[in-house]
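# Commentary on secondary and tertiary structure
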Amino acid sequence: MYSEKVMDHFSNPRNVGEIVNPDGVGEIGNAKCGDIMKMYLKIENNIIVDAKFKTFGCGAAIATSSMSTELIIGKTVDEALSITNKSVAEALDGLPPAKMHCSNLAEEAIRSAIEDYKRKNGLLEDGDGCIACGRRCDDIHHHEDED
Amino acid sequence: MDKKIIYMDHSATTPVDSQVLDEMLPYFTKNYGNPSSIYSIGRESKKAIEDARERVAKAVFAQPREIFFTGSGTEADNWAVKGVAYSNKNKGNHIITTTIEHHAVMHACQYLESDGFEVTYLPVDENGLVSPEQVLEAIKPNTILISIMFANNEIGTIQPIGEIGKIARDKGIYFHTDAVQAIGNIPINVSELNVDLLSISAHKFYGPKGIGALYIRKGVKITSFIHGGAQERGRRASTENVAGIVGLGKAIEIATLNIDDYNKKLIELRDRTIFEIMKKIPFVRLNGHQHKRLPGNVNFSFEFIEGESLLLMLDMKGIAASSGSACTSGSLDPSHVLLSIGLPHEIAHGSLRLSFGKDNTHEDIDQLMKELPVIVERLREMSPLYEKVKRGN
Ligand SMILES: Cc1ncc(COP(=O)(O)O)c(C=O)c1O
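Everything numeric here is computed off the predicted structure, so don't read it as measured data.

This next bit is on the overall build of chain A. Broken down by element type, chain A carries five helices and three strands. For chain A, the N- to C-terminal ordering of α and β elements is α-β-β-β-α-α-α-α. Contacts in chain A between residues far apart in sequence, at least 24 positions, make up 63% of those at least 6 positions apart. If you sum the accessible surface of chain A, you get close to 6,600 Å²; carbon and sulfur atoms cover 45% of it.

Quick look at the structure:
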C-alpha cells in the first residue's frame with residue numbers, strides 16, 4: 001500500500017535525532033491519536049542549516065517526517081513555510097488516502113518549529129500565532145471514504 | 001517470494017492443509033455436480049456434503065441435522081444474532097453480549113439496536129474476562145439471547161462458556177457463542193456446555209476461506225435470511241460450496257483429532273515467547289489472561305511505539321504478525337478489545353499480536369527474539385515519548 005519512496009524513508013529515515021541548543025523546536029500531535037512529531041531546527045542567517053526529528057507513529061508518519069527534513073534543509077525560513085502537506089506527500093510519490101493526515105502532521109511540525117524560532121527571536125508578527133494548536137483526534141481523518 | 005516468511009498470524013487465517021486440499025480438489029473438476037441434481041455426479045456432491053456435516057457434528061458433539069453451512073464465520077454470527085432476535089421478538093427484545101466481540105457480532109448487535117432491540121454490552125476485566133455473575137445480573141424478563149465469544153481473536157482470552165451456558169439454560173434464554181477462534185484449540189461439546197448456537201469458520205483451522213457453519217440446537221427458533229432454493233433444509237438457500245464444505249469437514253476432523261498434541265506444542269511456544277519478551281524488553285505489558293488464553297496467542301503492548309511501524313519492520317525481516325493500532329485497524333481508534341481491557345489509547349496503539357500455528361518451530365521463536373528487541377529499541381530511539389522517559393520526565 002505504500003510507495004517505494006515511503007518504504008525507503010521509513011526503513012532508512014534521514015535526520016532522526018535531536019539538535020542540542022536548537023533555534024526552533026515544534027511538537028505536534030498527541031499519543032492518544034497515535035502520532036507525535038517533534039522537529040528540531042538549526043537556523044543561521046534565516047537559512048535552515050539543519051533539521052532533525054523524532055516521531056511516534058505509523059510508517060507514513062515516520063516517512064513524512066524524514067522527507068520533510070530533507071525538503072527544508074538549505075531552504076530559507078519563508079521557503080520552508082511554503083511547504084504544504086501536499087508537497088510532502090508528492091515528494092513521497094503519494095500516500096494512501098487513509099494516511100494523508102500524517103502529511104498534515106509534517107507540515108504543522110515544520111510551522112510549529114519555525115514559529116518557535118520566530119518567537120525566540122522576536123520575529124513573530126500579528127496573525128502568526130497558533131498555527132497548529134488545539135488539534136484533536138477528531139480532526140484526523142483515517143477513513144478513505146466518509147460518505 | 002524468495003525469502004522464507006515466518007508466519008505468526010494464524011488468528012488472521014491459516015494455510016490450507018495439504019490433506020484438506022486433496023479432498024477438496026475433485027469437487028472443482030471431476031465431481032462438479034450440483035448437489036440438488038438427481039444424476040450420479042449430483043448425488044456424489046450431496047453425499048460429500050452430508051459426510052462433511054457429520055464430521056462437523058462429531059467435532060462439537062452435535063447431531064448432523066443441527067449443522068448448517070454458511071458462507072463464512074461472519075455469516076454464521078449474523079444469522080445467529082439477528083435470526084434469534086427477529087424470531088423471538090414476541091418474547092422480548094433484550095440481548096446480552098460483551099464489549100470485546102468480533103465485529104461480526106458487535107455490528108450485528110448495533111444494527112439490531114437501530115431496529116428497536118436493546119443490547120447490554122458487558123464490560124470485561126483487565127484480562128478480558130466476563131464473569132458468570134455479570135451475565136446473571138444483566139438478565140431481564142425480556143432477555144432473549146446471550147451471545148458471548150468462546151475465545152477472543154486479539155488477546156486470546158477464553159471465557160467461562162460452560163458456566164454461562166448453565167445460567168442461560170436455567171433461565172431458558174438462548175445462548176450463542178462465536179467459536180471461530182476456539183475450534184481446533186479448545187475441545188468443545190455443545191451439550192455439556194449448554195450452547196444453543198455456535199459459529200465456525202474453516203479458514204482459522206487450516207481449511208479454506210469463505211466457508212463456515214452454524215450449529216443450531218434442535219428446537220431453537222431462528223429466522224432465515226438467505227431466501228431462495230431449498231438447500232440446507234430450506235434455511236440457507238444457494239447452491240452449496242461443495243469443495244469448501246468438504247474442506248471444512250476434513251479440516252475440523254484433523255483439528256479435533258490432533259487437538260492435544262497441537263495444544264501442547266503451541267503452549268510451549270507461547271509461554272516461551274511471553275517469558276522471553278518480558279525478560280528482554282522493558283516497558284511492555286502482556287494483554288489478555290496469563291493462562292486462560294488461546295494456546296497460540298501472544299499479545300503485548302510496547303510502550304512509546306506504534307504498532308504499524310512495528311509490523312512493517314517485522315515484515316522487512318520476514319516475520320508476519322498483526323496489531324490493534326488505529327493505523328492497522330483503518331479506523332480512528334485502536335482496537336475496541338484493547339480499550340475494553342482498560343489500555344490507554346497510547347498503549348493500545350503499540351500492540352503486537354503473534355498467533356502461532358502448526359508449522360511454527362522454536363527456531364522461528366529464536367529468529368523472532370533476535371529481531372524483535374532490536375526493532376523495538378530502534379523505534380523507541382525515534383520516539384519523542386521515549387526521549388522523555390529517558391530524561392526522566
Ligand atoms: C472471533 C471471530 N469471529 C468471526 C470471524 C469472522 O470469520 P470469517 O472471516 O469467516 O467471516 C473471525 C475472523 O475473522 C473471528 O476471529
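This part takes up the overall build of chain B. Scanning chain B for helices and strands turns up 14 helices and 12 strands. Against the compact-globule benchmark of 21 Å for 393 residues, chain B has a radius of gyration of 22 Å, which places it among compact chains. The principal-axis extents of the C-alpha atoms in chain B amount to approximately 75 × 55 × 35 Å. A separation of at least 24 residues holds for 73% of the contacts in chain B among residues at least 6 apart in sequence. As displayed, chain B offers around 15,900 Å² of accessible surface, 54% of which is attributable to carbon and sulfur atoms.

Let us now look at the interface of chain B and chain A. On the chain A side, the residues contacting the 25 residues of chain B number 30 residues. For the pair chain B and chain A, the summed buried surface comes to about 2,300 Å²; carbon and sulfur atoms form 63% of the total. For B:Glu387, the salt bridge is made with A:Lys38, and the minimal N-O distance between the two is 3.2 Å. In this assembly, chain B and chain A are joined by 13 residue pairs in polar contact (both at pLDDT 80 or more). Broken down by secondary-structure element, the contributors of at least two residues to the side of chain B that touches chain A are α9 (307-316), α12 (345-348), α13 (362-382) and α14 (384-391) of chain B. Class assignment for the residues of the side of chain B that touches chain A results in 11 nonpolar, six polar and eight charged.

Let us now look at the packing of helix α2 (residues 59-72) of chain A against α9(B). Between α2(A) and α9(B), whose axes approach to 7 Å, the crossing angle comes to 85°. Between α2(A) and α9(B), the interaxial angle falls into the category roughly perpendicular. Contact with α2(A), carried on its side by A:Gly59, A:Ala60 and A:Ile62, involves B:Glu308, B:Ser309 and B:Leu312 of α9(B) and no other residues of that element. In terms of residue class, the contact of α2(A) with α9(B) is built from three nonpolar, two polar and one charged.

Here we take up the site of the ligand. Residues and elements named next belong to chain B. Neighbouring residues of the ligand: 13 residues in total, closest Thr-74, Asp-178, Gln-181, Ser-201 and Lys-204. Between the ligand and Ser-201, the relevant distance is 2.6 Å, taken from an oxygen atom to a side-chain nitrogen or oxygen of the residue. Ranked by residues supplied to the shell around the ligand, first place goes to helix α3 (residues 73-87) with three residues.

Another aspect to go through is the packing of aromatic side chains. Residue and element names in this part refer to chain B. Summed over the entire model, instances satisfying the criterion amount to eight aromatic pairs over all chains. On the numbers, 6.2 Å between centres and 80° between planes, the contact of Tyr-206 with Tyr-262 is edge-to-face. Here the residue Tyr-206 occupies a position in the loop between β7 (197-201) and β8 (212-216), and Tyr-262 occupies one in helix α8 (residues 259-280), the gap between them amounting to 56 residues. Taking the relative accessible area as the measure of exposure, Tyr-206 reaches 7% and is therefore buried. Through a chain of ring-to-ring contacts, three or more aromatic side chains come together here, namely Tyr-86, Phe-117 and Phe-225. Across the ring face of Tyr-111, the terminal group of Lys-82 is positioned such that the distance to the ring centre comes to 5.1 Å.

With that out of the way, let us pick up the pattern of salt bridges. Residues and elements named next belong to chain A. One pass over the full model with this rule turns up 37 salt bridges over all chains. Between Glu-70 and Arg-14 there is a salt bridge, with its nearest N and O atoms 3.7 Å apart. Of this pair, Glu-70 sits in helix α2 while Arg-14 sits in the loop between α1 (4-11) and β1 (24-30), and the two are 56 residues apart along the sequence. Note that Arg-111 and Glu-107 form a salt bridge whose closest N and O atoms lie 3.2 Å from each other. Note that Arg-111 and Glu-107 are positioned in helix α5 (residues 100-120) at a spacing of four residues, about one turn of the helix.

Reading the values: the criteria
Residues numbered from 1 in each chain as written. Chains lettered and ligands numbered in written order. Predicted model: local features only at pLDDT ≥ 70, side-chain atom pairs only at ≥ 80, totals over all residues. Heavy atoms only, no water. Helix = DSSP H or I, 4+ residues; strand = E, 2+ residues; numbered from the N terminus. Contact = heavy atoms within 4.5 Å. Areas by Shrake-Rupley, 256 points an atom, 1.4 Å probe, with all protein chains shown as cover. Rg over C-alpha atoms; globule rule 2.2 N^0.38 Å. Buried area = accessible area lost by both parts, 1.4 Å probe. Salt bridge = Lys/Arg side-chain N within 4 Å of Asp/Glu carboxyl O. Polar contact = N/O pair within 3.5 Å; in protein donor to acceptor, adjacent residues only side chain to side chain. Nonpolar A, V, L, I, M, F, W, Y, C, P; charged D, E, K, R; others polar. Axes fitted to C-alpha atoms, helices over the stretch in contact; angles between N-to-C directions. Parallel < 35°, antiparallel > 145°, perpendicular 65-115°, else oblique. Near = heavy atom within 4 Å. Phe/Tyr/Trp six-rings, centres within 6.5 Å; stacked < 30°, edge-to-face > 60°. Buried < 20%, exposed > 50% of the residue type's maximum accessible area, 1.4 Å probe, protein only. Lys NZ or Arg CZ within 6 Å of the ring centre and 35° of its normal.

None of this, on its own, says anything about what the molecule does.
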